[in-house]
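A look at the structure
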Amino acid sequence: MGEAFASVFKIFTEPGKVMAQAASEKRFWIPLTMIVLLTTLFAPFTAPILHKDQISMMEKSPEMISKIPAEKWEEMKAYNAKKAIPMNILRGLFIIPIALLFVAGLTNFAATLSGVEINFSQAFSMTVFSSLVDFFWGGLVLNLLALWKGSFFLVATNFTLFAPNLEITSKLFRALSAFDFFNIASYVLLGMGLASLPKGSPKKAFFSVLPVYLVRVAAIVVPAMIFTMK
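All values derive from a computational prediction rather than experimental measurement. Sequence order sets the numbering: in each chain, residues are counted from 1 along the sequence as written. This being a predicted model, a pLDDT of at least 70 is required before a residue's local features are given, and a value of 80 or more before pairs of side-chain atoms are given or counted; all residues contribute to the totals for chains, interfaces and linings. Excluding hydrogens and water, the side-chain values take into account all heavy atoms of the structure.

Topic: the overall build of the protein
Helix and strand content of the protein: 10 helices and 0 strands. Numbered from the N terminus, helices here are DSSP runs of H or I no shorter than four residues, and strands are runs of E no shorter than two. For the protein, the sequential pattern of α-helices and β-strands runs α-α-α-α-α-α-α-α-α-α. The globule rule used here is 2.2 Å times the number of residues to the 0.38 power, and the radius of gyration it is set against is calculated over C-alpha atoms. Its C-alpha atoms give the protein a radius of gyration of 19 Å, within 12% of the compact-globule value 17 Å for 230 residues. With respect to the three principal axes, the spread of C-alpha positions in the protein is 60 × 35 × 30 Å. Only protein chains enter the accessibility calculation, which uses a 1.4 Å probe; a residue is then buried when its area is under 20% of its type maximum, exposed when over 50%, and partly exposed in between. Counting over 230 residues, the protein shows a buried share of 42%. A fraction of 72% describes how many contacts in the protein between residues 6 or more apart in sequence connect residues 24 or more apart. Values of accessible area rely on a 1.4 Å probe in the Shrake-Rupley scheme; residue burial ignores everything except the protein chains shown. Surface exposure of the protein reaches about 12,300 Å², of which carbon and sulfur atoms provide 71%. When charges are counted, Lys and Arg are positive and Asp and Glu negative, with His and the chain ends excluded. By convention, the point assigned to a charge is CZ for Arg, NZ for Lys, CD for Glu and CG for Asp. Here the protein holds 20 positive side-chain charges and 13 negative ones, and the gap between their average locations is 4 Å. A contact between two residues is defined here by any heavy atoms of the two lying within 4.5 Å.

Quick word on helix α2 (residues 15-25)
Regarding α2, the residues found buried are Val18, Met19, Ala22 and Ala23. The arc that holds the buried residues of α2, viewed along the axis, is 135 degrees, so those residues lie on one side. Taken from the residues just after α2, Lys26 is the one with a positive phi, measuring 55 degrees. To obtain the arc, one takes the directions from the helix axis to the C-beta atoms.

Some thoughts on the packing of aromatic side chains
In this analysis, rings of Phe, Tyr and Trp, with Trp reduced to its six-membered ring, are considered paired at centre separations within 6.5 Å, and the interplanar angle assigns stacked below 30 degrees, edge-to-face beyond 60, and tilted for intermediate values. Applying the stated criterion across every chain, the model contains 11 aromatic pairs. Ring centres 5.2 Å apart and planes at 85 degrees place the aromatic pair Phe206 and Phe207 in the edge-to-face group. Put simply, the rings of Phe9, Phe12, Phe136 and Trp137 pair up and form one aromatic cluster.

Quick notes on the nonpolar core
For this analysis, a nonpolar core means a set of buried residues of the types Ala, Val, Leu, Ile, Met, Phe, Trp, Tyr and Cys, connected via side-chain atoms within 4.5 Å. Counting 41 residues, the largest nonpolar core has Ile11, Ile118, Met126, Phe136, Tyr187, Leu194 and Leu197 as its most contacted members. Where this core is concerned, the elements lending two or more residues are α1 (2-13), α2, α3 (29-59), α6 (81-114), α7 (120-149), α9 (181-195) and α10 (202-227). With 9 residues, the single largest contributor to this core is α7. Discounting residues that sit within four places of it in the chain, Phe136 has contacts with Val8, Met34, Ile35, Leu38 and Ser131.

Topic: the side chain of Thr160
Assignment of secondary structure puts Thr160 in the loop between α7 and α8 (171-176). Residue Thr160 is classed as buried on the basis of its relative accessible area of 7%. Side-chain atoms alone can form a polar contact between residues adjacent in sequence; in general such a contact is a pair of N or O atoms within 3.5 Å, and within protein one must be able to donate a hydrogen while the other accepts it. A distance of 2.4 Å separates the side chain of Thr160 from the side chain of Asn158, its partner in a polar contact. Sequence-distant contacts of Thr160, that is, excluding residues within four places in its chain, are made with Phe173, Leu176 and Ser177.

Overview of the pattern of salt bridges
Throughout this description, the term salt bridge denotes a Lys or Arg side-chain nitrogen within 4 Å of a carboxyl oxygen of Asp or Glu. Counting across every chain of the model gives 3 salt bridges. Here Glu74 ties to Lys77 by a salt bridge, and the two come within 3.3 Å at their closest N and O atoms. In this pair, Glu74 and Lys77 both sit in helix α5 (residues 70-77), 3 residues apart, roughly one turn of the helix. For Glu74, a relative accessible area of 46% corresponds to the partly exposed category.

A closer look at unusual backbone geometry
Positive phi outside glycine occurs at Lys199, with the angle close to 65 degrees. Its location among the elements puts Lys199 in the loop between α9 and α10. A relative accessible area of 56% means that Lys199 is categorised as exposed.

Structure (structure tokens):
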């Protein structure tokens, strides 16, 4: 168990070892608990920032606001901690675990097709451990920077760093934001885990992880292209 806790730090110093152990020991509940706890602990502090950012985004579209009754709009602008904080906590308790289950399912399917000997339990364990980089360390960095800056729009751990002058309401901004550095690193780790499995190899791991990653990107980019204001 101590090794599983230590993996939070060893995911950077000994990534291959951590991912190989994730496949064999399958103690996914330890990193998953840490990810959920981190999100829950930050929820009361990030909820007002998320609300402010959401209102700011809507205010950039007068046409959208004009369709909302004035009384309703005033109600939406007022921050309600009793509603916002629980909604933010639910993200950590349900949305993230469900997303990890979905990724694990796709990974199990893609790896099996590639000829890797794997089962869903192994796929889920490796998905959770690799997500320590994304949801734990990436979440920690992003939340701390947002608390410091006062807005999630003023910080980024994705490709929008290369285009600082883009409007946050633009399609290109939304598309670039889908490519997050911590998230990409988590998929590289997932590939390392797959390569360590019986009949696994770097080539099979690459062709297993790539389609899963592309599905994740498409799930963000396609809605952005359809619904983004500009």
